[in-house]
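Coordinate inspection notes
Here is how the chains run, residue by residue.
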Amino acid sequence: MPAGASVPDRAPLTFAAPLTLRRSGASFPIPHRSATPGKDWLSALLLAALLHVAPAAAAGFEACLQHFPHRAVPQLALAPSLQLRPLCFDAFAVLHSGASKTPVYAVARLNARDFENVPRRSRGRNPFYEEARLPAAERARLADYKARRPDGSRMDRGHVVPAGDMTTATGFAQSFSLANMVPQVPSMNQGPWNRIEQDTRRYVQRARGDVYVFTGPIFGPAPERLGPGGVWIPQA
């Protein structure tokens with residue numbers, strides 16, 4: 001996406017008020033946040049993804065079903081060429097694409113009680129790391145995010161699950177995995193997107209019970225690539 005564009009280059013698949021989805025007799029609320037008030041395409045995208053929730057666990061996420069609503073993993077019709085790999089972290093889960101070298105989506109279960117008396121954490125000098133659980137050909141590299149685009153600009157390593165949502169030291173450290181990143185325009189990452197993340201945390205802190213936050217990028221038909229590894233740059 002061009003630097004300075006007004007549309008966020010990560011599409012938040014979560015909303016500002018509870019949304020109830022029904023599937024095979026099951027009903028559960030999904031809170032959501034909207035990056036662009038009044039834009040219904042985000043709601044439609046969430047519905048398109050989550051109305052296919054299956055009661056059985058998707059292979060690979062068995063160790064972290066607690067991060068998903070009703071322990072049900074979204075079943076998406078995605079091409080095998082995306083090289084999908086489920087990744088479990090202590091406080092979130094990522095469906096990773098070895099083709100884009102980014103998440104397809106990430107999900108975290110948040111609760112107001114988890115934010116009580118949480119110390120402010122420092123990221124340190126270089127907390128970002130390459131995800132060793134992924135095959136070398138499918139993982140983003142630190143060098144990819146140091147590369148410049150054709151216009152000379154650089155991209156931020158944009159968290160999909162925000163570090164600020166992580167209330168434990170382990171979760172905070174794991175959020176800096178490059179498997180949890182997408183290239184993002186710096187002005188968006190540090191401005192409007194940061195405010196969306198903060199607004200979501202404020203919602204969680206006044207909500208009753210668990211809040212499940214799904215977030216993921218949207219790519220165009222011919223994504224721009226970043227770095228020697230060719231990390232896809234999201235369109236939205």
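It should be noted that the structure appears before, not after, this text.
Residues numbered from 1 in each chain as written. Predicted model: local features only at pLDDT ≥ 70, side-chain atom pairs only at ≥ 80, totals over all residues. Heavy atoms only, no water.

This part takes up the overall build of the protein. When helices and strands are tallied, the protein shows 5 helices and 11 strands. Counting all 236 residues of the protein, 50% fall into the buried class. Sequence-distant contacts, at least 24 apart, represent 66% of the contacts inside the protein between residues at least 6 apart. Split by element, the accessible area of the protein, about 11,300 Å² in all, is 52% carbon and sulfur. (Helix = DSSP H or I, 4+ residues; strand = E, 2+ residues; numbered from the N terminus. Buried < 20%, exposed > 50% of the residue type's maximum accessible area, 1.4 Å probe, protein only. Contact = heavy atoms within 4.5 Å. Areas by Shrake-Rupley, 256 points an atom, 1.4 Å probe, with all protein chains shown as cover.)

Before going further, it helps to examine the nonpolar core. Across soluble globular proteins, nonpolar side chains show a tendency to be buried alongside one another. One finds Phe-92, Tyr-145 and Leu-226 to be the most contacted residues of the largest nonpolar core, which totals 36 residues. Within the residue set of this core, elements represented by two or more residues are strand S6 (102–111), strand S8 (181–184), helix H5 (192–206) and strand S9 (210–216). Among the elements that line this core, the one with the most residues is H5, at 4 residues. For Tyr-145, the residues in contact, after removing those within four places along its chain, are Ala-140, Met-155, Asp-156, Arg-157, Leu-178, Met-181, Val-182, Pro-183, Leu-226 and Val-231. Ranked by size, the runner-up nonpolar core spans 13 residues in total, among them Phe-61, Ala-93, Leu-95 and Val-107. (Core = buried A, V, L, I, M, F, W, Y, C linked by side-chain atoms within 4.5 Å.)

Structurally, the position occupied by Arg-139 is in the loop between S6 and helix H2 (142–146). Although Arg-139 is buried, it makes no salt bridge; Glu-130 carries the closest opposite charge, 4.6 Å away. Polar side-chain contacts of Arg-139 include one of 3.3 Å to the backbone oxygen of Glu-131. Contacts of Arg-139, omitting those with residues within four sequence positions, involve Lys-101, Glu-130, Glu-131, Ala-132 and Leu-134. (Lys, Arg positive; Asp, Glu negative; His and termini not counted. Salt bridge = Lys/Arg side-chain N within 4 Å of Asp/Glu carboxyl O. Polar contact = N/O pair within 3.5 Å; in protein donor to acceptor, adjacent residues only side chain to side chain.)

This next bit is on the packing of aromatic side chains. One pass over the structure, following the stated rule, counts 7 aromatic pairs. Between the aromatic rings of Phe-219 and Trp-232, the centroid separation amounts to 5.3 Å while the plane-to-plane angle is 85°, which identifies the pairing as edge-to-face. Of this pair, Phe-219 sits in the loop between S9 and strand S10 (225–226) while Trp-232 is found in strand S11 (residues 231–232), placing the two residues 13 residues apart along the sequence. By way of ring pairs, the aromatic residues Phe-61, Phe-68, Tyr-105 and Phe-214 are connected into one cluster. (Phe/Tyr/Trp six-rings, centres within 6.5 Å; stacked < 30°, edge-to-face > 60°.)

Take the pairing of S8 next. Judged by which residues are buried, S8 turns out to be covered on both faces: Met-181 and Pro-183 on one side and Val-182 and Gln-184 on the other are all buried. Sheet topology places strand S7 (residues 156–159) next to S8; 4 bridges connect them, and they run antiparallel. Each residue of the ladder has a partner; that of His-159, found in S8, is Met-181. (Pairing = 2+ DSSP bridges.)

The next thing to look at is the environment of Leu-95. Note that Leu-95 resides in strand S5 (residues 93–97). Look at Leu-95 and you get buried, because its relative accessible area is 10%. Taking C-alpha positions, Leu-95 is 9.0 Å from Phe-61, a pair spaced 34 residues apart along the chain. Every residue in contact with Leu-95, bar those within four places of it in the chain, is listed here: Phe-61, Leu-78, Leu-84, Arg-85, Pro-86, Thr-102, Pro-103, Val-104 and Tyr-105.

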